[in-house]
Amino acid sequence: HKMAAAGAEAAAVAAEEEKRLPEGDPESGGDSEDEGDSDSSGDGEDEEKENEAEIQRLEEQLSINAFDYNCHLDLIKLLRQEGELVKLRRARQKMSELFPLTEEIWLDWLKDEIKMASESSEREKVYELFERAVKDYICPEIWLEYAQYSIGGIGQEGGIEKVRSIFERALTAVGLHVTKGTALWEAYREFENAILETAQPAPGSVPSSEQQQMLCSQLEKIHMLFRRQLGIPLLDMEASYAEYEEWSEDPIPETIIKNYKKALQQLEKCKPYEEALLGAETPKLAEYQAYIDFEMKAGDPARIQLIYERALAENCLVPDLWARYNQYLDRQLKVKELVLSAHDRAVRNCPWTVGLWIRYLLAMERHRVDHSIISEMFEKALNAGFIQATDYVEIWQAYLDYLRRRVDFTQDSSKELEELRSAFARAVEYLKQEVEERFSESGDPSCTIMQNWARVEARLCNNMQKARELWDNIMTKGNAKYANMWLEYYNLERAHGDTQHCRKALHRAVQCTSDYPEHVCEVLLTLERIEGTLEDWDAAVQKTENRLARVNEQRAKAAEKEAALAKQEEEKAEQRKQARAEKKASKKAKKTRIGDKRKADDDDEGEWGQEEEAEQPSKRHKGDGDGELLEEDMEVETGLFGRSGPEKPDRPANQKEKASTSRKDIPKVLHDSSKDNVTVFVSNLSYNMADPEVKLKDLFESCGEVAEIRPVFSNKGTFRGYCYVEFKEEKSALQALGLDRKVVEGRPMFVSPCVDKNKNPDFKVFRYSTTLEKHKLFISGLPFSCTKEELEDVCKAHGNVKDIRLVTNRAGKPKGLAYVEYENEAQASQAVLKMDGLTVKEHVIKVAISNPPLRKVPDKPEAGRASQFAVPRQVYGARGKGRTQLSMMPRALQRQSNPVAKAENGMVQNSPATSSEHPEEPKKMSNADFAKMLLKK
């Protein structure tokens, strides 16, 4: 122990000598060589100028956005490199006011200040800095550094007691740390051993009674440290026990051995959790949560607090973890300094989380903090930069609740009441001006703050006139059409107003309500039945009957309109089916007539034609009633494969039709829907793909054994860009879905389950979430040339990026949009604050939390819209509208058809018309259809 104490003194002396060495001292190698050439000198000057310019740029950036965390770090690094001590201290001070600093930043700052502190007054400043450092996070290294630095001031008055006080506080804070607590205990014991050595009498001398008493007291201190340590489950506690056995002259008491064995058993229970933390990757949230649950069951408050602090030191930007910790402190420990410190650190780490600010305000009120401090904290919350408009409503409501609880409503007027009223007025104005300007919404469409204000005025202040004014304002903000808003006002008027105003409110409600007018009418009649005169009753009945009659009339008209539109769409859909059947029949007839000219080609076309017709039905069943479509399909199958010999090319068309009619009972070769579970549908492939079967088989074999690949070709034999891939096992098909959006020959390949949309019309394949995802960012305004790697370089500076998706069109071309997924919502929120408005390749990007708008899918077609937009895509067949499906029929024969409609791919396609082959079943036309036909001919 003497050697340890001597080593500590030598280290302290060396540190003092290091402080006294000037920068240019030969020992430090600063100016030991004089042969530096002018070139190196010039390079140094250039680098210095660049650094100065960069420092100036960073300072300007921080003046614009003081919450740029990385900018603070870069500035501190440069200033430390340049030796700008005054600016460095100021920069660190500013950053520490805004953010809790990490252990590394604090240690660098402390070491720099320790080197510069020589006088006792400067030592006090270092002590103050240490006090601030230990409050940010639980850091055993900082506590150890603090204790060792305090040993240097042992010669001052009360120096020994100060050191002991710091060690005791350190043990309280981190002495239970299973893996790092041992170092503190050992340092404390070494310090006490050094004091014991100084108290020893000189060799050969007899100690006085005072010296003997001091020796005994010091020995007892060391004994007590050993015993306290051995009662705590710490790593390598066996070595500490062995050291105690060797050090102690007396045998170890049984009670200490018993406590030691108990701690050893507890250590064995903790080891699995410590090992899990040691082997886990950052952020270790699941491992820490398991450890917390374990300690919560054990129920030791000190250990629960420590494990929470350890988890937060590594996950300081996880709001939920802070919320759970603060809830535990609020409900269990209830120690003012501890609770408020934790809440303060929570909002400094996660200022964008409104729930943490609300809990902080409640905790301050609970612990009787001065009103001015609570008001100041609320103002800080307003400037925290919340990410949703509703967050501002919540923080205002929490503050208004606090102000309301301060008011003594037994007095007619008071300072607190006036403050509450002015706060209500300011809240309404703030939401209207500040919040609405930023988010394009106030966050309070139902005016809940004004409603609460009206309740306070009516119930607590007996001021119904003010409450009525407030409700009048609420109704003018678009709430007059909602029955629940009128009934809320009615209930307030009923409880604290008079019957006349109740009646007036309900009459207005009957006139204005559009969502549930029957309910409002019923309430009005109930009021008049109980309190009204005959005249009042008659007026109420007449008003409600007139109103409900108008409502029913409007609803009937809307229902008729909706039914008419639905019927019209059904008729048009039927016409389209017939028109497609006729077109297909004419194409097949024409192809058959020229069969002799390309006899060899016909056989090939038959093969792929059969395959297409056999496989397509899984995506486009036409229904059993589609007789004409059935005829044409049967014609292809029986005409090409059902004949024993080749057909003559000059066979009349009517004979073909008869043949097809006579053979239309032959069953079609349909896709086997029982294999849907082992089949995937692949689309958006390149039309120019050579040998799609070979290409796709190589690609999909990584998912499992492929049974068959069925590419779909056009009538000309060209690849249509989609196919069916059938596997041997279902798990292979499920694994193949993971290849969705994989780039194949420059285009994103779409892979989806094989589902019959006639049986499942609502089936949608969309692999991404369409709801609010707080851990994911939506970025717009990106340059089209921006790559995934370049965007990742920008984003990873603000957190751990899990995934980046650049949005492309069907051809694989970028759209300037991207989704970036972070590990947690805290990192995403920080990234929004720092990246929104950033310039990337001369493009200013916009960054927001991912919250896609709801997709508008009307159940029924709207009036006035073109019919082609209301018909489901499936009616065009599995391939949709083909690029080359131009009618070859002369225009003179198309006079009875509807005007042409533009297909999705930009080509023109004839709209459905009533078939001329069935004159015995003329299609009924409405007046509107007849008028359209006349106007558009």
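Residues numbered from 1 in each chain as written. Predicted model: local features only at pLDDT ≥ 70, side-chain atom pairs only at ≥ 80, totals over all residues. Heavy atoms only, no water.

### Section: the overall build of the chain
Turning to step 1, where the next piece is worked out: Looking only at helices and strands, one finds 35 helices and 13 strands in the chain.
Turning to step 2, where the next piece is worked out: When each of the 937 residues of the chain is scored for burial, the buried share is 41%.
Turning to step 3, where the next piece is worked out: Considering only contacts in the chain between residues 6 or more positions apart, those separated by 24 or more positions represent 63%.
Turning to step 4, where the next piece is worked out: Roughly 53,000 Å² of accessible area belongs to the chain as shown, and the carbon and sulfur atoms make up 50% of that amount. (Helix = DSSP H or I, 4+ residues; strand = E, 2+ residues; numbered from the N terminus. Buried < 20%, exposed > 50% of the residue type's maximum accessible area, 1.4 Å probe, protein only. Contact = heavy atoms within 4.5 Å. Areas by Shrake-Rupley, 256 points an atom, 1.4 Å probe, with all protein chains shown as cover.)

### Some points on the sheet that holds strand 1 (residues 679-683)
Picture the strands of a sheet paired through backbone hydrogen bonds; they go either parallel or antiparallel.
Turning to step 1, where the next piece is worked out: In spatial order, the strands read 2-3-1-5-4; together these five strands make up an open sheet with antiparallel pairing. Unpaired on one side and paired on the other, strand 2 (706-713) and strand 4 (742-744) mark the two borders of the sheet. On average, adjacent strands in this sheet sit at an angle of 30 degrees to one another, irrespective of strand direction.
Turning to step 2, where the next piece is worked out: In this structure, strand 1 lies alongside strand 5 (residues 747-753), joined through four bridges in antiparallel fashion. Considered in strand 5, the bridge of Ser683 is made with Phe750.
Turning to step 3, where the next piece is worked out: Along the sheet, helix 30 (residues 692-700) makes contact with strand 1, strand 2, strand 3 (719-727), strand 4 and strand 5, crossing strand 2 at roughly 140 degrees. (Pairing = 2+ DSSP bridges. Axes fitted to C-alpha atoms, helices over the stretch in contact; angles between N-to-C directions.)

### Some thoughts on the sheet that holds strand 7 (residues 801-808)
Turning to step 1, where the next piece is worked out: Read from one edge of the open sheet, four strands run 7-8-6-11, paired in antiparallel fashion. Edge positions in the open sheet fall to strand 7 and strand 11 (846-850), since each of these has one partner strand only. Going across the sheet, the axis of each strand differs from the next one's by a mean of 25 degrees, ignoring polarity.
Turning to step 2, where the next piece is worked out: In the packing of helix 32 (residues 788-795) onto the sheet, the strands contacted are strand 6 (773-780), strand 7 and strand 8 (814-822), and the crossing angle to strand 7 comes to about 135 degrees.

### Notes on the pairing of strand 6
Turning to step 1, where the next piece is worked out: The pairing of strand 6 with strand 11 spans five bridges and is classified as antiparallel. Opposite Ile779, over in strand 11, you have Val847 as the bridge partner.
Turning to step 2, where the next piece is worked out: As paired elements, strand 6 and strand 8 share five bridges and run antiparallel to each other. Among the inter-strand pairings, Lys776 is bridged to a residue of strand 8, identified as Glu821.

### Some points on helix 16 (residues 336-349)
Turning to step 1, where the next piece is worked out: A rise of 1.5 Å per residue sets the reference length of helix 16, with its 14 residues, at 20 Å; its end C-alpha atoms lie 20 Å apart and thus fit the reference within 8%.
Turning to step 2, where the next piece is worked out: Among the residues of helix 16, those classed as buried are Val339, Leu340, Ala342, His343, Arg345, Ala346, Val347, Arg348 and Asn349. (Expected span 1.5 Å × (residues − 1).)

### Considerations on the side chain of Ser780
Turning to step 1, where the next piece is worked out: For Ser780, the position within the fold is in strand 6.
Turning to step 2, where the next piece is worked out: Accessibility expressed as a relative area gives 18% for Ser780, which makes it buried.

### Looking at a negative patch on the surface
Turning to step 1, where the next piece is worked out: On the surface, a cluster of negative charge is contributed by Glu45, Asp46, Glu47, Glu48, Glu50, Glu52 and Glu84.
Turning to step 2, where the next piece is worked out: With respect to the secondary-structure elements, Glu84 resides in the loop between helix 3 (69-82) and helix 4 (85-98). (Patch = residues over 30% accessible without salt bridge, like charges linked within 9 Å, V, L, I, M, F, W, Y side chains within 5 Å. Salt bridge = Lys/Arg side-chain N within 4 Å of Asp/Glu carboxyl O. Lys, Arg positive; Asp, Glu negative; His and termini not counted. Charge placed at Lys NZ, Arg CZ, Asp CG, Glu CD.)

### With respect to the packing of helix 19 (residues 389-406) against helix 21 (residues 448-460)
Turning to step 1, where the next piece is worked out: Interhelical geometry of helix 19 versus helix 21 gives an angle of 15 degrees and a closest axis separation of 10 Å. Judged by the inter-axis angle, helix 19 sits roughly parallel to helix 21. Where helix 19 crosses over helix 21, the two elements pack in a sense that is right-handed. Where helix 19 abuts helix 21, its residues Val393, Trp396, Gln397, Leu400 and Arg404 lie against Thr448, Ile449, Asn452, Val456 and Leu460.
Turning to step 2, where the next piece is worked out: Split by residue class, the contact of helix 19 with helix 21 holds six nonpolar, three polar and one charged. (Parallel < 35°, antiparallel > 145°, perpendicular 65-115°, else oblique. Left-handed = near helix turned anticlockwise from the far one by under 90°. Nonpolar A, V, L, I, M, F, W, Y, C, P; charged D, E, K, R; others polar.)

### As for helix 17 (residues 354-366)
In an α-helix, one full turn covers 3.6 residues, which means residues spaced three or four apart are oriented alike.
Turning to step 1, where the next piece is worked out: Look at helix 17: 18 Å from first C-alpha to last across 13 residues, which is about the 18 Å you get at 1.5 Å a residue.
Turning to step 2, where the next piece is worked out: Structurally, helix 17 contributes buried residues whose contacts are with helix 15 (319-333), helix 16, helix 18 (371-382) and helix 19.
Turning to step 3, where the next piece is worked out: One or two positions beyond helix 17, positive phi appears at Arg368, with a value near 60 degrees.

### Here we look at the packing of aromatic side chains
Turning to step 1, where the next piece is worked out: For the structure on display, the rule yields 31 aromatic pairs.
Turning to step 2, where the next piece is worked out: Pairing Phe378 with Tyr399 gives two aromatic rings, centres 3.9 Å apart and planes at 5 degrees, and the pair type is stacked. Here Phe378, found in helix 18, pairs with Tyr399, found in helix 19; they are 21 residues apart in sequence, far enough to count as distant.
Turning to step 3, where the next piece is worked out: Ring centres 5.4 Å apart and planes at 5 degrees place the aromatic pair Phe424 and Trp453 in the stacked group. Of this pair, Phe424 sits in helix 20 (residues 415-439) while Trp453 is found in helix 21, placing the two residues 29 residues apart along the sequence. For the pair shown, Phe424 and Trp453 are each scored as buried.
Turning to step 4, where the next piece is worked out: An aromatic cluster is present here, built from Phe378, Phe386, Tyr392, Trp396, Tyr399, Tyr402, Tyr430 and Phe439 joined pairwise through their rings. (Phe/Tyr/Trp six-rings, centres within 6.5 Å; stacked < 30°, edge-to-face > 60°.)

### Section: a nonpolar patch on the surface
Turning to step 1, where the next piece is worked out: Residues Ile151, Ile154 and Ile160 make up a contiguous nonpolar surface patch of about 190 Å² in total accessible area.
Turning to step 2, where the next piece is worked out: Mapped onto the fold, Ile154 is located in the loop between helix 7 (140-151) and helix 8 (159-174).

### Describing the environment of Lys269
Turning to step 1, where the next piece is worked out: With respect to the helices, strands and loops of the structure, Lys269 is situated in helix 12 (residues 254-279).
Turning to step 2, where the next piece is worked out: Judged by relative accessible area, Lys269 falls into the exposed class, the value being 52%.
Turning to step 3, where the next piece is worked out: Along the primary structure Lys269 and Pro233 are separated by 36 residues, whereas in three dimensions their C-alpha atoms are 9.6 Å apart.

### Remarks on the nonpolar core
Turning to step 1, where the next piece is worked out: Ile395 and Trp396 are the most contacted members of the largest nonpolar core, which has 110 residues in total.
Turning to step 2, where the next piece is worked out: Element by element, the count of residues in this core is highest for helix 19, at 10 residues. (Core = buried A, V, L, I, M, F, W, Y, C linked by side-chain atoms within 4.5 Å.)

### Brief notes about the packing of helix 15 against helix 17
Turning to step 1, where the next piece is worked out: Two numbers describe how helix 15 lies on helix 17: the axes approach to 10 Å, and their chain directions differ by 15 degrees. Overall, the two elements helix 15 and helix 17 adopt an arrangement that is roughly parallel. Crossing geometry of helix 15 relative to helix 17 is assigned as left-handed. Only Leu356, Arg359, Ala363 and Arg366 of helix 17 make contact with helix 15, whose side of the interface consists of Pro319, Trp322, Ala323, Asn326 and Asp330.
Turning to step 2, where the next piece is worked out: Of the residues belonging to the contact of helix 15 with helix 17, the class tally is five nonpolar, one polar and three charged.

### Things to note about unusual backbone geometry
Turning to step 1, where the next piece is worked out: Backbone torsion omega between Thr282 and Pro283 reads 15 degrees, so that peptide bond is classified as cis.
Turning to step 2, where the next piece is worked out: Residue position: Pro283 is located in the loop between helix 12 and helix 13 (285-298).
Turning to step 3, where the next piece is worked out: For Asn462, which is not glycine, the phi dihedral falls at a positive 55 degrees.
Turning to step 4, where the next piece is worked out: Relative to the assigned elements, Asn462 resides in the loop between helix 21 and helix 22 (464-479).
Turning to step 5, where the next piece is worked out: Residue classification places Asn462 among the exposed residues on the basis of a relative accessible area of 66%.

### Structural notes on the pattern of salt bridges
Turning to step 1, where the next piece is worked out: Taken as a whole, this structure holds 40 salt bridges when the rule is applied.
Turning to step 2, where the next piece is worked out: The salt bridge involving Asp330 is made with Arg366; its shortest N-O contact spans 3.8 Å. You can see Asp330 sitting in helix 15 and its partner Arg366 sitting in helix 17, a full 36 residues away along the chain.
Turning to step 3, where the next piece is worked out: Judged by its relative accessible area of 46%, Arg366 is partly exposed.
Turning to step 4, where the next piece is worked out: It is possible to trace a salt-bridge network through shared partners that takes in Arg80, Arg92, Asp108 and Asp112.

### Quick look at the side chain of Ser150
Turning to step 1, where the next piece is worked out: In this fold, Ser150 is placed in helix 7.
Turning to step 2, where the next piece is worked out: Judged by its relative accessible area of 2%, Ser150 is buried.
Turning to step 3, where the next piece is worked out: Those residues within four positions of Ser150 in sequence are excluded, and the remaining contacts are Tyr127, Val163 and Ile166.

### Remarks on the confidence of the model for the chain
Turning to step 1, where the next piece is worked out: Of all residues in the chain, 76% attain a pLDDT of 70 or more, and the chain-wide mean is 79.
Turning to step 2, where the next piece is worked out: Low pLDDT (under 50) marks residues 599-670, which in the prediction has 111 contacts with non-local residues, meaning those over four places away or in another chain.
Turning to step 3, where the next piece is worked out: Low confidence marks residues 857-922, where pLDDT is under 50. Its contacts with residues over four positions away, or in another chain, come to 95 contacts. (pLDDT = per-residue confidence, 0-100.)

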